[in-house]
Amino acid sequence: MQNKLSRRQLIRLAALGGAGAALAACAQATPQVIKETVVVEKEKTVQVEVTKEVEVTAVPVTGPQKLTIWDVWLTTEETYERDKNGGEQYPFILAGELFKKDHPGVELVWEDHGWDAPLRQNVIAALMAGTQPDVICGEIQFPEYASLGAVLPLDDALTPEQKQDIVPGTYKSSLYNGKIHALAVATAIWKFMGRKDLMDDAGATTMPKTMDEWATMMSEISKKHSPTYYGYALEGPLGTVFGCHLRLDSFFYANNAMLSKEPDDPYFPFYNNPAAYPIWEAFRKYQPNNEPGLFLKPDESADGYWAAKKAVFKCGGVWDVPGSFGNKTTNPPTEPWDIVIADNFPGPTPVSVVVANIQNGAMTNTR
């Protein structure tokens, strides 16, 4: 039995991404034709097969309905009052109001079940127990869920104009067998950035343009100023180590060192790409001048190296900019600092890698 999103639903609920797909289950299912073979005895010696077609239609869902959404951004009474006229929660509040206007009697219930590795573990556990929600959020996990038949494809709900209007990088990580299984509700791109106060103190007047310059500059800063501060810190979530990988791939792409043999297909890793050698060598050259663990630091909070004024440079996102939307370090900043953002990562090729790409997808059992 297949359910499809209407175009109207996708347009009105673009901010919720996959939440629009959850709406599909509220519609009546397409009638199914089941063939039944009946064996009839004739004169006790001859068997005749008679086939009849029976049309079976799902019973329409009536009465109040509840859609459960697992997401990292929760719309509570407190956040509603705070952001109802604009703010971090406003897109969710607006999408929820549009949804309920079109579907009176449907209640949206938001639940927080973690992020990254804990979220994936909770989703898999819910699938095994048969207690999965209607809509889930994620970042790179949707192909795995799609391979299990756990989430709905959204392609049929998108018009060619809509698909052309969506930045491909925001849905590519949800592709499975060429189908889109989630849409982004928020996204950003990586930038190579430095703390202006520490750059001035270290005498760093320019941003490195090549990986050789990067390794030399980072090493010299660490040699001269450690343990007060270091040249570079790689901060990102551990667990699946995916977050740390994300903070390296921009360096590879900027130097034409593709991580996959097929640029549009990540399932063919390029383990021995010769173009990647200089990048790995630059990282190795810098490592001996680091504090142990500095290059794999999971803490991005106010105690992290960037916010604690212990790293001059980093690969960062919008949450690393003091006072910005989604800032996790100090928001509002208790000790504001200026940052310098490079035009590109060290390397000859301009690169924009999508990150913090929070997607929503609808599960196949959605109501």
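Residues numbered from 1 in each chain as written. Predicted model: local features only at pLDDT ≥ 70, side-chain atom pairs only at ≥ 80, totals over all residues. Heavy atoms only, no water.

**Topic: the environment of Gly 317**
This is how it is decided: By definition, any uninterrupted DSSP run of H or I lasting at least four residues is a helix, any uninterrupted run of E lasting at least two residues is a strand, and each is numbered from the N terminus. Only protein chains enter the calculation, and the probe is 1.4 Å; a residue is then buried if its accessible area is under 20% of its type maximum, exposed if over 50%, and partly exposed in between. By the convention used here, residues are in contact when the closest approach between their heavy atoms is within 4.5 Å.
Mapped onto the fold, Gly 317 is located in the loop between strand 11 (311–316) and strand 12 (339–341). Residue Gly 317 is classed as buried on the basis of its relative accessible area, which comes to 4%. Residues in contact with Gly 317, not counting those within four places in the same chain, are Ile 189, Trp 190 and Met 193.

**Considerations on the packing of aromatic side chains**
Working definition: an aromatic ring pair is given by the centre-to-centre distance plus the angle between the planes. Let me state the cut-off plainly: Pairs were defined over the aromatic rings of Phe, Tyr and Trp, the Trp ring being its six-membered one, requiring ring centres within 6.5 Å. Orientation was assigned from the angle between planes: stacked under 30 degrees, edge-to-face over 60, tilted for the rest.
Per the counting criterion, the structure on display carries 15 aromatic pairs. Arranged with centres 6.2 Å apart and planes meeting at 75°, the rings of Phe 192 and Phe 251 form a pair that is edge-to-face. Linking Phe 192 in strand 7 (residues 191–195) with Phe 251 in helix 10 (residues 242–254), this pair joins segments that are 59 residues apart in sequence. Like Phe 192, the residue Phe 251 is buried in the burial classification. Note on Phe 192 and Phe 313: the rings are 5.6 Å apart at their centroids and 10° apart in plane angle, and the pair reads as stacked. Of the two residues, Phe 192 is situated in strand 7 and Phe 313 in strand 11; the sequence distance between them amounts to 121 residues. Here Phe 192 matches Phe 313 in class, with each residue buried. Aromatic rings pair up to connect Phe 192, Trp 214, Tyr 232, Phe 251, Phe 252, Trp 280, Phe 283, Tyr 286, Phe 313 and Phe 345 into one cluster.

**A word on the packing of helix 9 (residues 211–225) against helix 11 (residues 277–286)**
For clarity, the threshold we go by: Only the stretch in contact is used when a helix axis is fitted, and all axes are lines through C-alpha atoms; the angle between N-to-C directions ranges over 0 to 180 degrees. The scheme is simple: roughly parallel for angles under 35 degrees, roughly antiparallel for over 145, roughly perpendicular for 65 to 115, oblique for anything else. Gly falls in the polar group here, along with every residue not listed as nonpolar (Ala, Val, Leu, Ile, Met, Phe, Trp, Tyr, Cys, Pro) or charged (Asp, Glu, Lys, Arg).
One can describe the packing of helix 9 onto helix 11 by two numbers: an axis separation of 9 Å at closest approach and a directional angle of 10°. With respect to helix 11, the axis of helix 9 lies roughly parallel. Between helix 9 and helix 11, the residues in contact are Met 211, Trp 214, Ala 215, Thr 216, Met 218, Ser 219 and Ser 222 and Ile 279, Ala 282, Phe 283, Lys 285 and Tyr 286, respectively. Across the contact of helix 9 with helix 11, the residue classes break down as eight nonpolar, three polar and one charged.

**Here's the deal with the confidence of the model for the chain**
Our working rule: The pLDDT value expresses, per residue, how confident the predictor is, ranging between 0 and 100.
The share of residues in the chain with pLDDT of 70 or more is 71%, and the mean pLDDT across the chain is 77. Predicted confidence for residues 50–59 stays below pLDDT 50, and this span has 25 contacts to residues more than four positions away or in other chains. Segment residues 326–333: pLDDT under 50, and 25 contacts once partners within four positions in sequence are set aside and those in other chains are kept.

**Details of the pattern of salt bridges**
Stated precisely, the cut-off is as follows: The term salt bridge refers to a pairing of a side-chain nitrogen on Lys or Arg with a carboxyl oxygen on Asp or Glu at a separation within 4 Å.
Applying the stated rule across the entire model yields five salt bridges. Here Arg 284 and Glu 281 are joined by a salt bridge, their closest N and O atoms 2.7 Å apart. Of this pair, Arg 284 and Glu 281 both sit in helix 11, three residues apart, which is roughly one turn of the helix.

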